[in-house]
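# Descriptive structure summary
Chain by chain, the residues run as shown.
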Amino acid sequence: MTATTTDLETAAPAVGGPQLPQERRLVTEIPGPRSRELAARKDAAVSSAVGTMLPIYTVAAGGGVVVDVDGNSLIDLGSGIAVTTVGNSNPRVAEAVAAQAAAFTHTCFMVTPYDGYVRVAEALNRLTPGDHEKRTALFNSGAEAVENAVKIARSHTGRQAVVAFDHGYHGRTNLTMALTAKNMPYKHGFGPFAPEVYRAPMSYPFRDGVDGVDGPAAARRAIDVIEKQVGATNLAAVVIEPIQGEGGFVVPAPGFLPALAEWCRANGVVFVADEVQTGFARTGDLFACDDEGVVPDLIVTAKGIAGGLPLAAVTGRAEIMDAPHAGGLGGTYGGNPLACAAALAVIETIETDGLVDRARQIGAMMTERLGALQARDPRVGDLRGRGAMIAVELVEPGTTEPDAALAQRVAAAAHAQGLVVLTCGTWGNVLRFLPPLSIPDHLLTEALDVLDGIFETS
Ligand SMILES: *Cc1c(COP(=O)(O)O)cnc(C)c1O
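Only a predicted model underlies this, so the values are computations on that prediction, with no experimental measurement involved.

Position of Gly335 among the secondary structure elements: in the loop between helix H11 (318-321) and helix H12 (337-352). The spatial distance from the C-alpha of Gly335 to the C-alpha of Gln408 is 38 Å, given a sequence separation of 73 residues. Discounting chain neighbours no more than four positions away, the residues touching Gly335 are Tyr114, Tyr117, Leu138, Phe139, Leu311 and Cys340.

Below, the structure written as structure tokens:
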């Protein structure tokens, strides 16, 4: 072991949680020297295909900050991609996981079961849209759950085709790569992809607006493609994010999702809402489908479900969920006891701490400030999103021509000034904001002040 390694390992391990000082504090350049040493070790040890967007090495996180190994404290506007919605190292989650780890860590639910799994299933059946009878199955990742939703829909319908949408993102496994729209970096060179996956046009108001395509018209446009190119009687499932995540926080026009869901119902097609990014209070509703009262047949959840522990779920109509043969669904770790304990703590936190309302407050604060920015900076072509899931799409002024270079410059400047900000979008020209709902107001305001200053000088 080198002296450097020893130094890094003996650095005082900071304790996370909301007790961390809630401040933006830069004590070195970003990334600092210790992070750069770790980055060099990463390069020598980790596949170069696994990228890091902001290579500060984390030692603690909580409330609204991420603290790095050099002692910098950055404002978190990413939540580890919409995962730590209840706050990083949330005390309820940390305690529940510690207690579960002390009791037992794994049995495999398919071997000797435990009630944490059943309680998570009961909670999801209660909380997800619709008051019909439901069942749930638990998995490890969003992609794995999306794949299982497709398996379940195929088993139920006896049909094979699946429709996904332009700009959609559903994961990186083989079937979900096929469902995902964007080639680079998710699919390039990784084919062949799963067959019987078709793509329909999305409702994208900023880009549809030019032709005056409203929600119902956009739904007719998509349904026409589906009917003519796939055929309803071949179609097992329509898989859609009610607000697209990686694809650019695209919020479909009102009426789009209800019309699609209605068409699916009329044609015996399973309507699958991928709420992996939008779920669990993020959008100012428990689920984004709630906004228009859309009731999906199956809903896929992950990310925000368990405060950072790997867990995902498919929840839906009992008759659909029960269609596959006994033993047809499962996996070694699916519904791991630690992850289930975390999920129950997350759900309790959302309910008792009023986090749905908190997401709306955060959304109002961000929308007001970013709306003022849009009013004075014509490069901010669109401001969209809901609750604590807000984005700005950056373009050449007065057009819809994407300006990815500006998004990269703003993100780089934000990182240098201590903000964890993410980009997204088919063209890479969208800045997205996903703060943890535990962020204090003063940090959110400070982050928006910093962003204003960056736009002035970029
Ligand atoms: C992140 C994401 C996935 C994939 O989840 P993983 O846990 O990374 O496999 C699927 N769908 C959506 C909408 C996502 O945002």
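Don't stop here, the text continues.
What follows is about the site of the ligand. Neighbouring the ligand are the residues Ser141, Gly142, Ala143, Tyr169, His170, Gly171, Glu241, Asp274, Val276, Gln277 and Lys303. Contact distances for the ligand include 2.8 Å between an oxygen atom and a backbone N or O atom of Gly142. Within the contact set of the ligand, an oxygen atom lies 2.6 Å away from a side-chain nitrogen or oxygen of Lys303. Relative to its unbound accessible area of 380 Å², the ligand is 82% covered by the protein chains. Partitioned by chemical class, the residues of the shell around the ligand number three nonpolar, five polar and three charged.

Attention now moves to the nonpolar core. Counting 126 residues, the largest nonpolar core has Phe165 and Phe256 as the members making the most contacts within it. Per element, the largest residue contribution to this core is 10 residues, and it comes from H12. Mapping this core onto the domain boundaries places at least three of its residues in each of domain 1 (5-89 + 355-457) and domain 2 (93-352). Membership of the second largest hydrophobic core comes to 10 residues, among which are Ala82, Val251, Ala391 and Leu422.

Think of an α-helix as turning once every 3.6 residues; residues three or four places apart then point the same way. The terminal C-alpha atoms of helix H9 (residues 215-229), which comprises 15 residues, lie 21 Å apart, in line with the 21 Å expected from a rise of 1.5 Å per residue. Burial in H9 covers these residues: Gly215, Ala217, Ala218, Ala219, Ala222, Ile223, Val225 and Ile226. Next to the buried residues of H9 lie strand S5 (161-165), strand S6 (197-200), helix H8 (205-208), strand S7 (235-240) and helix H10 (256-266). With a side-chain oxygen lying 3.0 Å from the backbone nitrogen of Ala217, the N-terminal cap of H9 falls on Asp214. Once H9 finishes, Gly231 follows within two positions and takes phi at roughly 95°, a positive value.

Considered domain by domain, the protein is made up of domain 1 (5-89 + 355-457) and domain 2 (93-352). Computed from C-alpha coordinates alone, the two centres of domain 1 and domain 2 are separated by 26 Å. Contact with domain 1, which involves 39 residues of that partner, is made by 33 residues of domain 2. Counting each side, the surface lost to burial between domain 1 and domain 2 is near 3,000 Å², with a carbon and sulfur contribution of 60%. Broken down residue by residue, the surface that domain 1 buries against domain 2 is led by Val86, Arg386 and Met389, which jointly contribute 25%. Taken together, the connections running from domain 1 to domain 2 amount to four salt bridges. Counting across the domain 1 and domain 2 interface gives 23 residue pairs in polar contact (both at pLDDT 80 or more). Secondary structure elements with two or more residues in the side of domain 1 that touches domain 2: helix H3 (79-82), helix H13 (355-376), strand S11 (380-386), strand S12 (389-394) and strand S15 (430-433). Sort the elements by how many residues they give to the side of domain 1 that touches domain 2 and S11 lands first, with five residues. Classifying every residue of the side of domain 1 that touches domain 2 by side-chain character gives 21 nonpolar, 12 polar and six charged.

Turning our attention to the sheet that holds strand S13 (residues 419-420). Ordered by their spatial adjacency, four strands build an open sheet running S1-S2-S3-S13, and the pairing between neighbours is mixed. Each edge of the open sheet carries a strand with a single partner, namely strand S1 (58-62) and S13. With two bridges joining them, strand S3 (residues 73-76) and S13 adopt parallel strand pairing. Counterpart to Asp76 in the pairing with S13 is Val420.

Running from N to C, H13 and helix H15 (residues 441-457) point in directions that differ by 20°, and their axes come no closer than 11 Å. One way to sum up the angle between H13 and H15 is to call them roughly parallel. The two elements H13 and H15 cross, and the hand of that crossing is right-handed. Seen from H13, the contacting residues are Arg358, Ile362, Met365, Met366, Arg369, Leu370, Leu373 and Arg376; seen from H15, they are Asp441, Leu444, Thr445, Leu448, Asp449, Asp452 and Phe455. Counted by class, the contact of H13 with H15 contains eight nonpolar, one polar and six charged residues.

With that settled, the discussion passes to the packing of aromatic side chains. Aromatic rings considered in pairs are described by the distance between their centres and by the relative angle of their planes. If you walk through the whole model with that rule in mind, you get six aromatic pairs. Summarising the aromatic geometry, the rings of Phe165 and Phe256 are spaced 6.1 Å apart at their centres and angled 80° between planes, so their arrangement reads as edge-to-face. One end of the pair, Phe165, is in strand S5; the other, Phe256, is in helix H10, with 91 residues separating them in the sequence. Both residues of the pair, Phe165 and Phe256, belong to the buried class. Through a chain of ring-to-ring contacts, three or more aromatic side chains come together here, namely Phe104, Phe109, Tyr114 and Tyr117. The ring of Phe193 is capped by Lys187, whose NZ or CZ atom sits 5.2 Å from the centre of that ring. Taking NZ or CZ as reference, Arg207 lies 4.2 Å from the ring centre of Trp427, over its face.

Analysis parameters
Residues numbered from 1 in each chain as written. Predicted model: local features only at pLDDT ≥ 70, side-chain atom pairs only at ≥ 80, totals over all residues. Heavy atoms only, no water. Helix = DSSP H or I, 4+ residues; strand = E, 2+ residues; numbered from the N terminus. Contact = heavy atoms within 4.5 Å. Near = heavy atom within 4 Å. Polar contact = N/O pair within 3.5 Å; in protein donor to acceptor, adjacent residues only side chain to side chain. Areas by Shrake-Rupley, 256 points an atom, 1.4 Å probe, with all protein chains shown as cover. Nonpolar A, V, L, I, M, F, W, Y, C, P; charged D, E, K, R; others polar. Core = buried A, V, L, I, M, F, W, Y, C linked by side-chain atoms within 4.5 Å. Buried < 20%, exposed > 50% of the residue type's maximum accessible area, 1.4 Å probe, protein only. Domains from an automatic or database assignment. Expected span 1.5 Å × (residues − 1). Buried area = accessible area lost by both parts, 1.4 Å probe. Salt bridge = Lys/Arg side-chain N within 4 Å of Asp/Glu carboxyl O. Pairing = 2+ DSSP bridges. Axes fitted to C-alpha atoms, helices over the stretch in contact; angles between N-to-C directions. Parallel < 35°, antiparallel > 145°, perpendicular 65-115°, else oblique. Left-handed = near helix turned anticlockwise from the far one by under 90°. Phe/Tyr/Trp six-rings, centres within 6.5 Å; stacked < 30°, edge-to-face > 60°. Lys NZ or Arg CZ within 6 Å of the ring centre and 35° of its normal.

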